Protein chains: 4
Amino acid sequence: MCRWLAYSGTPVLLETILYRPEHSLIDQSLHSRMGVETTNGDGFGVGWFGPEMETPAIVREIGPAWSNRNLREIAGHVRSPLFFAHIRASTGSAVQQTNCHPFRHGRWMWMHNGAIADFHKLHRDLALAVDPRLYPDMEGSTDSELMFFLALTFGLEEDPPGAVARMAGLVEEVGREHGVEYPMQMTVAVTDGRSLWAFRYSTQARTRSLYYSSRVESVRALHPDLPYLREASDETRLIVSEPLGDLPGVWNEVPEGTYGVVRPEGDDMLPFVPRPVRHR
Amino acid sequence: MCRWLAYSGTPVLLETILYRPEHSLIDQSLHSRMGVETTNGDGFGVGWFGPEMETPAIVREIGPAWSNRNLREIAGHVRSPLFFAHIRASTGSAVQQTNCHPFRHGRWMWMHNGAIADFHKLHRDLALAVDPRLYPDMEGSTDSELMFFLALTFGLEEDPPGAVARMAGLVEEVGREHGVEYPMQMTVAVTDGRSLWAFRYSTQARTRSLYYSSRVESVRALHPDLPYLREASDETRLIVSEPLGDLPGVWNEVPEGTYGVVRPEGDDMLPFVPRPVRHR
Amino acid sequence: MCRWLAYSGTPVLLETILYRPEHSLIDQSLHSRMGVETTNGDGFGVGWFGPEMETPAIVREIGPAWSNRNLREIAGHVRSPLFFAHIRASTGSAVQQTNCHPFRHGRWMWMHNGAIADFHKLHRDLALAVDPRLYPDMEGSTDSELMFFLALTFGLEEDPPGAVARMAGLVEEVGREHGVEYPMQMTVAVTDGRSLWAFRYSTQARTRSLYYSSRVESVRALHPDLPYLREASDETRLIVSEPLGDLPGVWNEVPEGTYGVVRPEGDDMLPFVPRPVRHR
Amino acid sequence: MCRWLAYSGTPVLLETILYRPEHSLIDQSLHSRMGVETTNGDGFGVGWFGPEMETPAIVREIGPAWSNRNLREIAGHVRSPLFFAHIRASTGSAVQQTNCHPFRHGRWMWMHNGAIADFHKLHRDLALAVDPRLYPDMEGSTDSELMFFLALTFGLEEDPPGAVARMAGLVEEVGREHGVEYPMQMTVAVTDGRSLWAFRYSTQARTRSLYYSSRVESVRALHPDLPYLREASDETRLIVSEPLGDLPGVWNEVPEGTYGVVRPEGDDMLPFVPRPVRHR
């Protein structure tokens, strides 16, 4: 599948997070430990918010992240308080820019690890459920982008957890209609530039790994020398497919069937349950 | 838009046709004379049949044809009796391999110059009309690929002219429903590896240019030194978006609203009229 | 050949300069008016300085600029007070990232339009003249990068005009030794992040075009509505291969055999004369 | 480093060798077992001879082989009696087409796994030793291409083993001058379209792995069902960086400090010893 990382907190050079940690996302592109594949070389993307930016900037490429010089340049020169990064391991769909994460709609940015099982069977029915006004904006052929557009259809911009729950509910319902036992497998991150939501859910309750970083003050107490959190403010938070290193006390698993929200007024973690949607 | 070329006849090194002529397709990628744009640099593709080949080989890339070394290598080393080549000028859809022509389904190969007007308005309704069993095989986001899959839905493999007529009929009907005055603009080539069909049609009867080469014996009589037809058998035929040179007597315009078929048992040219399709 | 643009002045979103003007560099990538070729589609690069940046960020790609989405993203989200942009039309050397401009060495950034005539004859002798400590840092195969490394060898970091003059002198001397009548053809921009030098010179005194923008206050007086100079400070200056539009009073030709310097303490324009270098 | 494969024998669809075996080269691009890195995703190349071909066709790309659709197409449609395939794991030099193997000069094709140690120190001296008439034909920045051009300089076209021995001798001498203890590490394949030479040598006598296939008749006796040798003539031979599967009796290690030649008049295996070259 894929690996991803979401950062929210003190503005930081992207490379501090993307390249510096011992088991950084770039290292994971060659040597993922917890993924289905050790190699995540089928494209990558990075999306960031910055001062005065109405919409996130999103740079995506189809080659591997580990050798991409432009990613290195951007990471070494751009600071951001809120950014996503994603490395892709295609499960069959084309290696093309429009299939790379993150996806964007207005201020909203979305990335996904996992898959809709038997997607070729469900693809058409799910595509039909997308708001016809949004339909022409889908450019790629992934389940991930389609999940984003379903969530948008179901009100992502007003109620992110509710919209994602309805999206997952629809996928499961359409899956059942096609005899797919475990249709949904997802860890998802989504942001509007202010808050950051992360979801961990699969129909079978065996979801790909997802971790969040401990409170900065406690990490700092444990590991006063950890460079990439040195200047981090207390509300800085990382959510990652797999830990960026082995240090004890830094990384906590997001429980199965859970979503979290990171936002200025305080973080939170709650159960995630798909909601039924009547789609015909 | 785009430029394309279809060849059927004596097996020939691809470069003889693709690179050698004075105003070759490669030259047209930089200096098209009859296209909407002089530059066709948004990807290219070549598809060829060869001895013992069940399906055509198709090589597509997203960069310009003029500088592509792999295309030069293939053209300089592959012989074929039946091949397509296409250079793309995107009208907005993503520059990605799955949007490059030719498209393939089994033995069938398809390429297109033109556009469905206001495609973003018609896209969804047209996609819904594709046979659900074929739907998941669409990988790109172009009108051209969708036209191919509609033609397949309407029986391309049994009756190519009829299926293309129904495809065009559907596009015009859906266009009318959305208030699009002139929905269809197309020159299309399609082959099953044995016969080659070419269509020139637009709702407004102002279709992009399309030419076919004169009978080889008459060309040879006029221009005994023309290298790329020197070894060509009498039944060799080229169909092109624009002539590969200025020689008189070589190129003939395919009339508006016409299709032609090139095949072992003799070529033919007939009127093309879209057929109504009841799509709901 | 190529087209380039150098900006120094009020920090501005790159797109204001790269995409907005009527005949922007992006427009020039398809429709250059003064270049040898109308199409400049063999790669591009953009390099920018920003706050707290020790070195410029450089993003280079091998496809055409006109369709590159990452360039659009960066241009739409990055502000800079000093940046270079370059679009390439290869005269034969490979289309690869290491042949795209700008080139960088430490804080220094270099870009070039033109060519060393008969470069294949002179290449080896010129490469041998590069400081052996710098030699392994050359990654591409262009005359342009080699010119940069020769200028570095001859003291670019201490005396830019002098180093460029010695570089040009060496090229002309080596050219003469190989019987090349007019070895040098160049417009070059170089910066250390503070000052910006631009050179226009060719052995034959028939150099590719180069223009600089008039003082902002006088442009503003002439064209109060020109959007991309609206917020520009008085010391803002653009140097371009060809004007970004047709407005009278905005663009001035850099004379033959001249170099200019744009810097905080005041701009200047002086004659450029290659200096003899004894290279054996 | 890299992985490569050389085939000589009965004309075969490339995919029979490249994709079908259990641990094919494509599998090795993701899961190399004997390489320094498990992933070889920094570009690939395939070069083949065919009927009536004066020179080999060479297709090279900068992305990973495992996801490349054009490689799949070519492999599925091209037959050849003599071909090379190479997957690259860059040790630092740029990921670009001109750094991908195989390299070509006229009829000659060359590929390499390994490295010249401390290449940045030796690069310039070695480049100066290349025949000045050949110098401008070097397009990339790898040690591998430079080794090829040194071998050409030393008479590769007349005496391949002797030229490669002199090339290795020069590399070791220049290495010693720069204080490099073990300068050479190489497995190399080279062909003129008729014979195929393969070399395994390193200064330290710890060379990367290299294997050759047993005589077809004995393999067939052991494994009558092995599909990719089913139609192979007796003189068919494969030389590979690592075995394409685990079957006993199929693969034999090329000994340290050895080269082999595969040719119509009979194969041979001989000791390889670098020859001193006076390079100043």
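Here the structure is a predicted model, which means the values were calculated and not measured.

(A) Structural view of the layout of surface pockets. Volume-wise, the second largest pocket comes out at about 960 Å³. Along the wall of the second largest pocket there are 46 residues; nearest its centre are R69 of chain A, P136 and E139 of chain C together with G92 and S93 of chain D. Only α3 (69–77) of chain A, β3 (57–61), β5 (103–105) and α5 (143–153) of chain C together with β6 (108–116), α4 (119–128), α5 (143–153) and β7 (184–191) of chain D provide two or more residues apiece to the lining of the second largest pocket. For the lining of the second largest pocket, the class distribution of residues is 16 nonpolar, 18 polar and 12 charged.

(B) Fine view of the nonpolar core. Counting residues in hydrophobic clusters, the biggest one holds 132 residues, and the most contacted among them are L18 of chain A, L18 of chain B, L18 of chain C together with L18 of chain D. The contact partners of L18 of chain D, leaving out residues within four places of it in the chain, are L5, S24, L25, I26, V46, L71, A75, F83 and A85 of chain D.

(C) Focus on the packing of aromatic side chains. Enumeration according to the criterion identifies 28 aromatic pairs over all chains in this entry. Both rings, one in Y7 of chain B and one in F83 of chain B, keep their centres 5.1 Å apart while their planes meet at 20°; by these two values the pair is stacked. Placement of Y7 of chain B in strand β1 (residues 2–13) and of F83 of chain B in strand β4 (residues 79–88) is noted, with a sequence separation of 76 residues between them. Each member of the pair, Y7 of chain B together with F83 of chain B, is buried. Where F199 of chain C meets Y259 of chain C, the ring centres are 5.3 Å apart and the plane angle is 20°; that geometry is what we call stacked. Separated by 60 residues along the polypeptide, F199 of chain C in strand β8 (residues 196–202) and Y259 of chain C in strand β12 (residues 258–262) bring together distant segments of the chain. Considered together, F199 of chain C and Y259 of chain C belong to a single accessibility category, that of buried residues. Each member of the aromatic cluster is reached from another via a ring pair, and the members are F199, Y201, Y259 and F272 of chain A. When the ring centre of Y19 of chain C is taken as reference, the NZ or CZ atom of R72 of chain C above it lies at 4.1 Å.

(D) Up close: the relation of the copies chain B and chain C. For the pair chain B and chain C, the superposition axis carries a translation of 0.0 Å, the fit reaches an RMSD of 0.0 Å, and the rotation angle comes to 180°. Classification of the inter-copy transformation places it as that of a two-fold axis. Using C-alpha coordinates, one finds that chain B approaches the rotation axis most closely at G63 of chain B, a distance of 2.9 Å. Looking at chain B, 100% of its interface residues are interface residues in chain C too, so the copies touch through the same face.

(E) Seen up close, the relation of the copies chain A and chain C. Mapping chain A onto chain C calls for a screw motion: a turn of 180° about the axis and a shift of 0.0 Å along it, with 0.0 Å RMSD after fitting. When you check the interface residues of chain A against chain C, 100% turn up at the interface there too, and the contact is symmetric in its surfaces.

(F) Quick look at the interface of chain B and chain C. Contact residues are listed per partner, giving 14 residues for chain B and 14 residues for chain C. The junction of chain B with chain C conceals about 920 Å² of combined surface from both sides, 50% of it contributed by carbon and sulfur atoms. For chain B, the biggest contributors to the area lost against chain C are T39, W66 and R69 of chain B; these three give 33% of the whole. Between chain B and chain C we count 0 salt bridges in total.

About the cut-offs
Residues numbered from 1 in each chain as written. Chains lettered and ligands numbered in written order. Predicted model: local features only at pLDDT ≥ 70, side-chain atom pairs only at ≥ 80, totals over all residues. Heavy atoms only, no water. 1 Å grid on protein atoms, 1.4 Å probe; cavity = no way out; pocket = protein on both sides within 12 Å on 5 of 7 lines; lining within 4 Å. Points joined across faces, edges and corners; volume = space filled by probe spheres on them. Helix = DSSP H or I, 4+ residues; strand = E, 2+ residues; numbered from the N terminus. Nonpolar A, V, L, I, M, F, W, Y, C, P; charged D, E, K, R; others polar. Core = buried A, V, L, I, M, F, W, Y, C linked by side-chain atoms within 4.5 Å. Buried < 20%, exposed > 50% of the residue type's maximum accessible area, 1.4 Å probe, protein only. Contact = heavy atoms within 4.5 Å. Phe/Tyr/Trp six-rings, centres within 6.5 Å; stacked < 30°, edge-to-face > 60°. Lys NZ or Arg CZ within 6 Å of the ring centre and 35° of its normal. Least-squares fit on C-alpha atoms with pLDDT ≥ 70 in both. Buried area = accessible area lost by both parts, 1.4 Å probe. Salt bridge = Lys/Arg side-chain N within 4 Å of Asp/Glu carboxyl O.

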